[in-house]
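Now for the letters of each chain:
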Amino acid sequence: MADASMKDLTLKSSTSGDANEESFEGITEVREGKAIIRCDKKLNIFYNATQEVNRDISIVGVHAHILREKKDDVTLVEAMAASGIRSIRYALEVKGLKKVIANDFSTDCITSINKNSKLNGTEDIVQPSLNDANVIMRSQKGFIIDLDPYGSPAAFIDSAVHGLEDGGLFVVTATDMAGLAGGNAGEACFARYGAMPLKIKSCHEMALRILIHTVQSSANRYGRVAIPLLSLKIDFYVRLFFKIIKSPERAKESCINTSLVYYCTGCKAFNFQPLGVRKSQKIYTFARGPPVSDKCSNCGSIHHVGGPIWTGPMHDKDFVSVMEKTLEDNYSYLNTFPRIEGIINLVAEEVDVPLFYELSELCSVLKVGTIPLPKIRSAILNLGYQVSLSHIAPNTIKTTCPNSIIWDIMRKWKLQNPSPQPLKEGAGFNIMQKESETPNISFDLHPDANPASKENNLMRYQNNPTRNWGPGVRNAFKGQQKSEDKRIANQGKKRHQRKEPGTSNKSEPESSPSPESKCFKKDDSTISGEEGQEKL
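Residues numbered from 1 in each chain as written. Predicted model: local features only at pLDDT ≥ 70, side-chain atom pairs only at ≥ 80, totals over all residues. Heavy atoms only, no water.

- In the nomenclature of an unreviewed UniProt entry, the protein chain corresponds to tRNA (guanine(26)-N(2))-dimethyltransferase from the organism Folsomia candida.
- Under the UniProt heading Catalytic activity (unreviewed entry), the entry covering the protein chain gives this text: "guanosine(26) in tRNA + 2 S-adenosyl-L-methionine = N(2)-dimethylguanosine(26) in tRNA + 2 S-adenosyl-L-homocysteine + 2 H(+)".
- In UniProt, the protein chain has this text filed under Sequence similarities (unreviewed entry): "Belongs to the class I-like SAM-binding methyltransferase superfamily. Trm1 family." (UniProt positions renumbered as here; feature names shortened; annotations may be inferred.)

Regarding the confidence of the model for the protein chain
Turning to step 1, where the next piece is worked out: Overall, the predicted model of the protein chain reaches an average pLDDT of 85, with 82% of residues at or above 70.
Turning to step 2, where the next piece is worked out: Across residues 1-24 the pLDDT falls below 50, and counting only partners more than four positions away or on other chains, this stretch makes 59 contacts in the model.
Turning to step 3, where the next piece is worked out: A low-confidence stretch, residues 505-536 (pLDDT under 50), is modelled with 36 contacts involving residues beyond four sequence positions or located in other chains. (pLDDT = per-residue confidence, 0-100. Contact = heavy atoms within 4.5 Å.)

Topic: helix 9 (residues 203-220)
Turning to step 1, where the next piece is worked out: Here helix 9 spans 25 Å end to end across 18 residues, near enough to the 26 Å set by a 1.5 Å rise per residue.
Turning to step 2, where the next piece is worked out: When you tally the buried positions in helix 9, you get 15 out of 18 residues, the bulk of the element. (Helix = DSSP H or I, 4+ residues; strand = E, 2+ residues; numbered from the N terminus. Expected span 1.5 Å × (residues − 1). Buried < 20%, exposed > 50% of the residue type's maximum accessible area, 1.4 Å probe, protein only.)

Overview of the sheet that holds strand 12 (residues 270-274)
Turning to step 1, where the next piece is worked out: With antiparallel pairing, the three strands of this open sheet are ordered in space as 12-11-15. The open sheet is flanked by strand 12 and strand 15 (303-310), the only strands paired with a single partner. Shown here is a sheet whose adjacent strand axes are inclined to one another by a mean of 25°, direction ignored.
Turning to step 2, where the next piece is worked out: Pairing between strand 11 (residues 258-264) and strand 15: six bridges, direction antiparallel. Opposite Tyr263, over in strand 15, you have His304 as the bridge partner. (Pairing = 2+ DSSP bridges. Axes fitted to C-alpha atoms, helices over the stretch in contact; angles between N-to-C directions.)

Points about the pattern of salt bridges
Turning to step 1, where the next piece is worked out: Within this structure, the stated rule accounts for 23 salt bridges.
Turning to step 2, where the next piece is worked out: For Arg138, the salt bridge goes to Asp158, with nearest N and O atoms at 3.1 Å. Taken together, the positions of Arg138 in helix 5 (residues 133-139) and Asp158 in helix 6 (residues 157-163) put the pair 20 residues apart, joining distant regions of the chain.
Turning to step 3, where the next piece is worked out: Notably, a salt bridge pairs Arg239 with Asp146, separated by 2.8 Å at the nearest N-O pair. Pair noted here: Arg239 is in strand 10 (residues 237-246) and Asp146 is in strand 7 (residues 142-147), with a separation of 93 residues, a long-range link.
Turning to step 4, where the next piece is worked out: Take Asp146: its relative accessible area is 0%, and that puts it in the buried class. (Salt bridge = Lys/Arg side-chain N within 4 Å of Asp/Glu carboxyl O.)

Side note on the packing of aromatic side chains
Turning to step 1, where the next piece is worked out: The full count for this structure, using the stated rule, is seven aromatic pairs.
Turning to step 2, where the next piece is worked out: Geometrically, the ring pair formed by Phe270 and Tyr357 is stacked, given 4.8 Å between the ring centres and 20° between the ring planes. In this pair, Phe270 sits in strand 12 while Tyr357 sits in strand 16 (residues 357-358), placing the two residues 87 residues apart along the sequence. An identical accessibility class is assigned to Phe270 and Tyr357; each is buried.
Turning to step 3, where the next piece is worked out: Their ring planes at 55° and their centres at 6.0 Å tell us that Tyr331 and Tyr333 sit as a pair that is tilted.
Turning to step 4, where the next piece is worked out: Within the aromatic cluster, the residues linked to one another by ring pairs are Phe270, Phe272 and Tyr357.
Turning to step 5, where the next piece is worked out: Over the face of the ring belonging to Phe143 we find Lys71, whose NZ or CZ atom lies 4.8 Å from the ring centre. (Phe/Tyr/Trp six-rings, centres within 6.5 Å; stacked < 30°, edge-to-face > 60°. Lys NZ or Arg CZ within 6 Å of the ring centre and 35° of its normal.)

Details of the nonpolar core
Within soluble globular proteins, side chains that are nonpolar generally end up buried alongside one another.
Turning to step 1, where the next piece is worked out: If you look at the biggest cluster of nonpolar residues, it comprises 83 residues, and the most contacted ones within it are Phe170, Leu180, Phe242, Ile376, Ile397 and Met410.
Turning to step 2, where the next piece is worked out: Among the elements that take part in this core, helix 9 stands out by supplying nine residues, more than any other.
Turning to step 3, where the next piece is worked out: Dropping the residues within four chain positions of it, Phe170 is found in contact with Ile145, Leu147, Ala160, Val161, Leu164, Val215, Leu240, Phe241, Phe242 and Ile244.
Turning to step 4, where the next piece is worked out: One finds Ile88, Leu229, Phe319 and Tyr331 within the second-largest nonpolar core, a separate group that totals 56 residues. (Core = buried A, V, L, I, M, F, W, Y, C linked by side-chain atoms within 4.5 Å.)

Looking at the environment of Ala64
Turning to step 1, where the next piece is worked out: The residue Ala64 is located in helix 2 (residues 52-69) in this model.
Turning to step 2, where the next piece is worked out: A sequence separation of 30 residues divides Ala64 from Val94, and the C-alpha atoms of the two residues are 9.3 Å apart.
Turning to step 3, where the next piece is worked out: Among all residues touching Ala64, those that are not within four sequence positions of it are Phe319, Val322, Met323 and Thr326.

Topic: the environment of Ile405
Turning to step 1, where the next piece is worked out: Of note, Ile405 is situated in helix 15 (residues 403-416).
Turning to step 2, where the next piece is worked out: Residue classification places Ile405 among the buried residues on the basis of a relative accessible area of 11%.
Turning to step 3, where the next piece is worked out: Along the backbone, Ile405 and Ile380 are 25 residues apart, and their C-alpha atoms lie at a distance of 8.8 Å.
Turning to step 4, where the next piece is worked out: Excluding residues that lie within four positions of it along the chain, Ile405 makes contacts with Leu383, Tyr385 and Thr438.

Details of the side chain of Arg239
Turning to step 1, where the next piece is worked out: For Arg239, a relative accessible area of 0% translates into the label buried.
Turning to step 2, where the next piece is worked out: A polar atom in the side chain of Arg239 sits 2.7 Å from the side chain of Ser58. (Polar contact = N/O pair within 3.5 Å; in protein donor to acceptor, adjacent residues only side chain to side chain.)

Section: helix 15
Turning to step 1, where the next piece is worked out: Compared with the 20 Å implied by 1.5 Å per residue over 14 residues, the 20 Å span of helix 15 between its first and last C-alpha is a close match.
Turning to step 2, where the next piece is worked out: Among all positions in helix 15, only Asn403, Ile405, Ile406, Trp407, Asp408, Ile409, Met410, Arg411, Trp413 and Lys414 are buried.
Turning to step 3, where the next piece is worked out: Buried residues in helix 15 make contact with strand 12, strand 16, helix 13 (359-366), helix 14 (373-382), strand 18 (396-399) and helix 16 (427-433).

Observations concerning the environment of Leu359
Turning to step 1, where the next piece is worked out: Along the chain, Leu359 turns up in helix 13.
Turning to step 2, where the next piece is worked out: Taking the C-alpha atoms as reference points, Leu359 and Met410, separated by 51 residues in sequence, lie 10.0 Å from one another.

Details of the pairing of strand 8 (residues 164-174)
Turning to step 1, where the next piece is worked out: Extensive coverage of strand 8 is indicated by the burial of nine of its eleven residues.
Turning to step 2, where the next piece is worked out: In this sheet, strand 8 lies alongside strand 7 in parallel orientation, the contact comprising five bridges. Across the sheet, the residue bridging to Ile144 is Leu169, located in strand 8.
Turning to step 3, where the next piece is worked out: Note that the unit made of strand 7, helix 6 and strand 8 has a crossover that is right-handed.
Turning to step 4, where the next piece is worked out: As paired strands, strand 8 and strand 10 are joined by seven bridges and run antiparallel to one another. Opposite Gly168, over in strand 10, you have Ile244 as the bridge partner. (Right-handed = clockwise from strand over helix to strand, strands pointing away.)

Some details on unusual backbone geometry
Turning to step 1, where the next piece is worked out: Put simply, Gly289 and Pro290 share a cis peptide bond, and its omega is 0°.
Turning to step 2, where the next piece is worked out: Within the secondary structure layout, Pro290 lies in the loop between strand 14 (284-286) and strand 15.
Turning to step 3, where the next piece is worked out: Unlike most non-glycine residues, Lys70 shows phi in positive territory, near 55°.
Turning to step 4, where the next piece is worked out: Tracing the sequence through the fold places Lys70 in the loop between helix 2 and strand 4 (74-78).
Turning to step 5, where the next piece is worked out: Residue Asn395 is not a glycine yet carries a positive backbone phi of 55°.
Turning to step 6, where the next piece is worked out: The residue Asn395 is located in the loop between strand 17 (387-388) and strand 18 in this model.

Below, the structure written as structure tokens:
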């Protein structure tokens, strides 16, 4: 999808007395949504064009929450406003906002916000604030708090959930995915969020659930509850929407939706150990465990343990429905409209179960050709279980079907599609040695085998639209070339550092292949991730 348009302008001093034009000589102009932002390249201001979909979906979500709660004259606090484009767009595009506090700790940003607010005619709504993010969130009671930091939000979550009005909306972004979903830096994730990630295919959903757990724990300390309304993994970050309510009784209930994850290293099955169980309506007690033995019952492999994570619902389907209607009624002009429409429909279809399987990974365990998605969906649906895609990745299954039955289905697929070479001893071999305990497995096409989002040809999964797609540098208005130069200089840096002193690097290629060379091409245009999976 097209991102916000950016172009360099050199504006001469105006004789008409326009203060904005006189003060912005040699600027970059950004047009996004209904807003126009002009930023002096000399100022140290962060703007990331790649997060246009983040800002668009935030506008839709904030509007939907105001409509759903039937509120007027709402105060919204953006704790880290940077260029101010998000705050100005809120003022221009969301009905029901009385005041938008655009806060930042940079005087350059506040200068930019002031001038751009006047440029867009939002100075009566947008109130610039030069303050620490934690201070502003605690001191300015808002019905909506938007927290979008550069990196981890962990140090600011406590202030946000404490400072919100009862029933308010907390919207938060995390871009530190290397720690939150990496698996190789589990100690960093634990230090920030109090949970250990796992190196699994559904690591990005696990990242969402770790962040929900962190927000929930913070809210519970104040006798509050963080109700997840929408939890999204988009591109290189996660974006979550919470309704924060005061309820000491419901805060205690969080223990039954918080669990450790036992992940089989062989067959990729996962099991969950809740930290508490409900004894009666308002009384909770210890859970029994563990849910697995020392070896996996499917394949005999060992388990890795991660978490704790949130294992309750990630989305409020009623809120998602209101968002869908709000999008259709008010925001057809957005550049990212087709993508947001696809994401919301995928979320509406998702089964409320934690984590998901990836088909190629299941098939690799048995060394069998990848089972078509409609086939395995049909097999699960024909047995009476629920199944859906994940909005995070194509060729995935979220299902209420137990691990053992998933492997009974895969065993039958392997028997129907034998490979010429026998399996070596290991997880796949051990699975095939077992007898199926699930009769009447059928791959006959089920009426719901293809989800409605596919039948309606919605945009569901999108490849990275540009080269070097990512979080960007802190000063995006003057840092693009600097960032590119740094990337080129660092190519092969680690490889060269591993060479013995005095050895030659002549045999090594001068540079690594470009990202484009790794993309699938079709008539000189990059095909979508989903289409690429299907073509393969």
